[in-house]
Each structure stands twice: as structure tokens, then as C-alpha cells.
Amino acid sequence: MYKTPASWRFHPMDLAGAEPRALVELIDEAHPVAVVNAAGEVWSPTADRMRHSNELLVERLLAALAAAGPRPRLVQLGSVHEYSPQPRGVWLTESSPEEPVTGYGRSKLHGTRAVLRAVGTGAADAVVLRLSNVIGAGTPRGSLLGQVATQLLEGTAEGRTAEVRVSPLRSSRDFVDAQDVSRAVVAALRSPGATGRVVNVASGVSQPVRDMVDLLISISGRRARLVERPVTQSRSLKDADWMAVDVSAARAVLGWRPRRTPHDMVQDLWRAAAGQQDGSVGR
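In what follows, the accompanying structure is described.

Definitions and cut-offs
Residues numbered from 1 in each chain as written. Predicted model: local features only at pLDDT ≥ 70, side-chain atom pairs only at ≥ 80, totals over all residues. Heavy atoms only, no water. Salt bridge = Lys/Arg side-chain N within 4 Å of Asp/Glu carboxyl O. Buried < 20%, exposed > 50% of the residue type's maximum accessible area, 1.4 Å probe, protein only. Helix = DSSP H or I, 4+ residues; strand = E, 2+ residues; numbered from the N terminus. Axes fitted to C-alpha atoms, helices over the stretch in contact; angles between N-to-C directions. Parallel < 35°, antiparallel > 145°, perpendicular 65-115°, else oblique. Left-handed = near helix turned anticlockwise from the far one by under 90°. Contact = heavy atoms within 4.5 Å. Nonpolar A, V, L, I, M, F, W, Y, C, P; charged D, E, K, R; others polar. Expected span 1.5 Å × (residues − 1). Pairing = 2+ DSSP bridges. Phe/Tyr/Trp six-rings, centres within 6.5 Å; stacked < 30°, edge-to-face > 60°. Lys NZ or Arg CZ within 6 Å of the ring centre and 35° of its normal. Core = buried A, V, L, I, M, F, W, Y, C linked by side-chain atoms within 4.5 Å.

Attention now moves to the pattern of salt bridges. By the definition in use, this model includes 17 salt bridges. Across the salt bridge formed by Glu41 and Arg49, the nearest N and O atoms sit 3.0 Å from each other. On the basis of relative accessible area, Glu41 is assigned to the buried category, the value being 15%. Note that Arg183 is salt-bridged to Asp180, the shortest N-O span being 2.9 Å. Of the two residues, Arg183 and Asp180 are both situated in helix H5 (residues 178-190); the distance of 3 residues between them amounts to about one turn of the helix. For Arg183, a relative accessible area of 26% gives the class partly exposed. Exposure remark for Asp180: the relative accessible area of 1% places this residue in the buried category.

Written out as C-alpha cells, the structure is:
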């Protein structure tokens, strides 16, 4: 299990489901200098759960911050999936069209706009960081690389060769390291000029998904056979997409730039997944 400093204090609460006053009282009691909203739904199959976690939760949080005594800096973690997909070779910027094509992207955009409205009315001091595909320790099992790690761990039991089954690996994505994201959050908390801004946090590079899967298999040291499921007509265009994100605004506004490599982030993912299986994480 993970170890945490003795000074940390946990207060479990369903932010979207609790009585609004309960969160106001918690903020008044804790008197935070910063609030980072990293909560939300990513891999949910239902639109209702995404609305609950990515829309209602943000609205409740903003209302509580407006009613509470302290006025901490809020960092809202958004997503580059709030933008419209761009053609190959066109980087996403903060001025790219906001026409998401997924329920997840639409729900995250709703949260971003709620935050920006609150800043506009003086009800919040906040910045939105739009993250690309975050990779590192704790990568969800429902994600592509999370699924690959799980299949490697389960498939190589007793020395067997794992059969890693994936959807066709035709896309290229912008992957960012989780530790780089953490540094961006700290930078956003410390940057006076970030208030009311939307800032992209990414690697700035489009990485073929196949290369990331191959890298994970290589780092694992496990014997594996990669099997791509047959493509269907309905998915052929979706799986052939491309994404890269411009991070010049992050450099200018936050003084931040990505430092870690795909090898760093995939290695962290694998060590955490393997350690969790054998119970050694955090020990």
C-alpha cells in the first residue's frame, strides 16, 4: 500500500452528493491556500456518471468556494478532448475550436466553462489545465496501456507467453508524464498571471500508440505476443487519428515545459502495476 506523510489529513466526501454546506464548512475549517480538482470520471460507460462527476461536482465545488471565507486558487484539471479533433499535422492550441466529439469531452468542457464563468464574475480565482493523455504510476486499468500492463502480468504467470490483445494500433497521441503534470499544477498555483486562463499541458509531440505499446512490452521484460483485433468499418477512421498539442502557452504563462520521456512514463507505469500485483508498492 502507498505510504503518506503523517501530516496529511483525509476527509472522505462525495463532493457532488453531499449537502452543499458540508463542503463550505470543510473549506472554512481547513482554510486551504489551494484546491486542485483532480476528481472526475474518465472511463465510465454512462453519460449520467460523467455528468455527475465532471459537471455537477465542479458546479458544487465552485458554489462552495464562493460561499466559503477563504478564497484559494483553484486548479481545474481539464482535458484536450474538450477540443475538436484536428487533421494530421495541426497542433491543438488554446484557441482551437471547442467542439468535442465524445461525451467525456463534452462533460469536461462543461466544467471548464463553469470555472471560467466563476472567474469572470469574481466568484473564483482559478486556472484550467487541459491535459493530454497522462501516463505514469496509477494509469487506469481501463486505458489502453493499463490493459496491456494487466494482460502482461496475468498472461505471463508460471512463465507463459502472454497474448496481448488490443484494438488496431493506428493512432498517434500526445502522451504526458504524470510527474510533469504535477509540476504544471504547482506552477499554476504559483503563477499570478494564470488566473482565468486555459493552458494546455502535454508533451508537444505526437507519439505512435504502437510505439508506446511496444515500449511497455520491452520494459516489462515479459514474453508476449501482440494481437490486434480485426478492424471494423465503423472504427477504421476513429483509430487512424492523430493528436499533438502546442505547449507554448504553458512555457509563457507557467514557466513550465515537459521534462520526462516516454520511457520514463512507461517505466513508472510498469513498476507501479507490477508492484501492486506483488504487494510491494510503497513499501
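One can describe the packing of helix H1 (residues 20-30) onto helix H2 (residues 47-67) by two numbers: an axis separation of 9 Å at closest approach and a directional angle of 50°. Of the possible angle classes, the one that applies to H1 and H2 is oblique. In this structure, H1 meets H2 at a crossing whose hand is right-handed. Across the interface between the two elements, Leu23, Val24 and Ile27 from H1 touch Arg60, Leu61, Ala64, Leu65 and Ala67 from H2. Here the contact of H1 with H2 is built from residues that sort into 7 nonpolar, no polar and 1 charged.

Between its first and last C-alpha atoms helix H4 (residues 144-155) spans 16 Å; for 12 residues at 1.5 Å apiece the expected length is 16 Å, and the two agree. For H4, a buried count of 9 out of 12 residues is recorded, marking the element as mostly surrounded by other parts of the structure. Among the residues of H4, Leu145, Gly146, Val148, Ala149, Thr150, Gln151, Leu152, Leu153 and Gly155 are the ones counted as buried.

Burial of strand E2 (residues 73-79) is extensive: 7 of the 7 residues sit out of reach of the surface. Relative to E2, strand E1 (residues 34-37) runs parallel, the two being bridged by 4 bridges. Bridge assignment links Val35 to a residue of E2, and that residue is Leu74. Looking at chain direction, E2 and strand E3 (residues 125-131) are connected through 7 bridges and run parallel. Bridged to Ser79 within E3 is Leu131.

To continue, consider the packing of aromatic side chains. Under the counting rule described, the total for this entry stands at 2 aromatic pairs. Pairing Trp91 with Trp242 gives two aromatic rings, centres 5.2 Å apart and planes at 75°, and the pair type is edge-to-face. Taken together, the residues Trp91 in the loop between E2 and helix H3 (103-120) and Trp242 in the loop between helix H7 (233-236) and helix H8 (248-254) connect sequence positions 151 residues apart. Of the residues examined, Trp91 reaches a relative accessible area of 38% and is grouped as partly exposed. For Trp242, a relative accessible area of 14% translates into the label buried. Over the aromatic face of Tyr83 sits the side chain of Arg130, whose NZ or CZ is 4.6 Å from the ring centroid.

Okay, H3 next. End to end, H3 covers 26 Å across 18 residues, agreeing with the expected 26 Å (1.5 Å per residue, within 8%). Those residues of H3 lying buried are Tyr104, Gly105, Ser107, Lys108, Leu109, Gly111, Thr112, Ala114, Val115, Ala118 and Val119. Buried residues belonging to H3 abut H2, E2, E3 and strand E8 (198-201). Positive phi appears at Gly122, one or two residues downstream of H3, with a value of about 80°.

In terms of backbone geometry, most residues other than glycine have negative phi values and most peptide bonds are trans. For His31, which is not glycine, the phi dihedral falls at a positive 50°. By secondary structure assignment, the location of His31 is in the loop between H1 and E1.

Our focus in this paragraph is the nonpolar core. Leu62, Leu74, Leu129 and Leu254 are the most contacted members of the largest nonpolar core, which totals 45 residues. Only H1, H2, E2, H3, E3, H5, E8 and H8 provide two or more residues apiece to this core. Other than its neighbours up to four places away in sequence, Leu129 contacts Val75, Gln76, Leu77, Gly78, Ala184, Val185, Ala188, Val199, Val201 and Leu254. Leu145, Ala162, Val213 and Leu216 belong to the second-largest nonpolar core, a separate cluster that totals 22 residues.

Treat this as a map of the structure, not an account of what it does.
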